[in-house]
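Results of the structural survey
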Amino acid sequence: IIRTGAQWRMLPNDLPPWYTVYQQAQRWIAAGVFEDIVHDLRALLRLAKGKKEQPAAAIFDGRTVQSTPESGERAGYDGYKRKKGSKIHIAVDTLGLLLAAHVTPANEQERAQVKKLAEEVQVATDNSVEVAFVDQGYTGDDPKNDAQEAGIELIVVKLAEAKKGFVLLPKRWVVER
C-alpha cells in the first residue's frame with residue numbers, strides 16, 4: 001500500500017515495500033528517466049516505420065480542456081471556444097508521436113507559445129526539426145520569428161475558404177488523433 005496524500009494505493013505483493021518503490025520512482029523522475037524512455041521509444045517507432053530516427057518536421061497545436069476545481073490558477077477562459085479551463089499546447093512529429101507539451105490557462109494564445117514549443121522540440125530532437133506545420137491560430141510575424149530563432153520555419157496550413165464543416169488539413173491531420 002502506498003499512501004500519497006490522503007489516499008492509499010495497493011502494490012502487488014511481489015514488489016518491495018511502498019517507500020522503496022516511491023523513493024526509486026522519485027529518483028527516476030528527477031533524473032529524467034521517463035523522458036529518456038519516451039525519446040527512445042519514439043526513435044524506435046520511427047525507424048520501424050522506415051523514417052529517420054529524428055524528425056525533420058513537426059506539427060504544433062493547442063487544445064482547450066474544461067477545468068475542474070483542482071485546476072486553480074491554471075484555469076482561464078477561452079473566448080473562442082467559450083470554455084473555462086486549461087490549454088494544452090503540443091508538438092508532434094509527422095507520425096503523431098509526441099515531441100513536446102505544456103499547459104497554460106485557456107486564455108493564453110497559441111501564437112504566444114511558439115517560442116517555448118520550438119525550443120522544447122529542438123531539445124527533444126537534437127535540433128533536427130526544420131519545419132513546423134500549424135493552423136491559422138499561429139499567423140503573424142511574432143510566431144514566425146519565434147520559430148526562426150529556434151531554427152524552425154513555421155508553415156501555416158490554411159483552410160480553403162470555399163469548404164465548410166470539418167476538413168482534414170494536409171500535413172496537420174495527424175495532430176488531431
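Computed from a prediction, not measured in an experiment: that's the story for all the values here.

**With respect to a negative patch on the surface**
- Judged by side-chain charge, E35, D36, D40, E53 and D126 come together as a negatively charged surface patch.
- Tracing the chain through its elements places E35 in helix 2 (residues 33–48).
- Look at E35 and you get exposed, because its relative accessible area is 53%.

**Structural notes on the packing of aromatic side chains**
- Throughout the structure, instances matching the rule amount to two aromatic pairs.
- Ring centres of W18 and Y19 lie 6.0 Å apart, and the angle between their planes is 80°; on these two criteria the pair is classed as edge-to-face.
- You can call Y19 partly exposed: its relative accessible area is 45%.
- Where W28 meets F34, the ring centres are 6.2 Å apart and the plane angle is 75°; that geometry is what we call edge-to-face.
- W28 gets classed as partly exposed once you look at its relative accessible area, which sits at 41%.

**Let's talk about helix 3 (residues 114–124)**
- If you check which residues of helix 3 are buried, you get V114, L117, A118, V121, Q122 and A124. All buried residues of helix 3 lie within an arc of 160° about the axis, which places them on one face of the element.
- Elements in contact with the buried residues of helix 3: helix 2, strand 3 (57–66), strand 5 (83–93), strand 6 (98–105), helix 4 (141–149) and strand 8 (153–156).
- Downstream of helix 3 by one or two residues, D126 has phi in the positive range, about 55°.

**As for the side chain of H89**
- Residue placement: H89 occurs in strand 5.
- By relative accessible area, which is 0% here, H89 ends up buried.
- Within the structure, H89 has its side chain in polar contact with the side chain of T104 (distance 2.8 Å).
- Excluding anything up to four places from it in sequence, H89 contacts D61, G62, A100, A101, H102, T104, E108, Q109, E110, Q113 and L117.

**A closer look at the confidence of the model for the protein chain**
- Taken over all residues, the pLDDT of the protein chain has a mean of 81, while the share at 70 or more is 77%.
- Put simply, strand 1 (residues 2–4) is where the protein chain has its lowest mean pLDDT, 54, and helix 2 is where it has its highest, 92.

Parameters and conventions
Residues numbered from 1 in each chain as written. Predicted model: local features only at pLDDT ≥ 70, side-chain atom pairs only at ≥ 80, totals over all residues. Heavy atoms only, no water. Patch = residues over 30% accessible without salt bridge, like charges linked within 9 Å, V, L, I, M, F, W, Y side chains within 5 Å. Areas by Shrake-Rupley, 256 points an atom, 1.4 Å probe, with all protein chains shown as cover. Salt bridge = Lys/Arg side-chain N within 4 Å of Asp/Glu carboxyl O. Lys, Arg positive; Asp, Glu negative; His and termini not counted. Charge placed at Lys NZ, Arg CZ, Asp CG, Glu CD. Helix = DSSP H or I, 4+ residues; strand = E, 2+ residues; numbered from the N terminus. Buried < 20%, exposed > 50% of the residue type's maximum accessible area, 1.4 Å probe, protein only. Phe/Tyr/Trp six-rings, centres within 6.5 Å; stacked < 30°, edge-to-face > 60°. Arc of directions from axis to C-beta. Contact = heavy atoms within 4.5 Å. Polar contact = N/O pair within 3.5 Å; in protein donor to acceptor, adjacent residues only side chain to side chain. pLDDT = per-residue confidence, 0-100.

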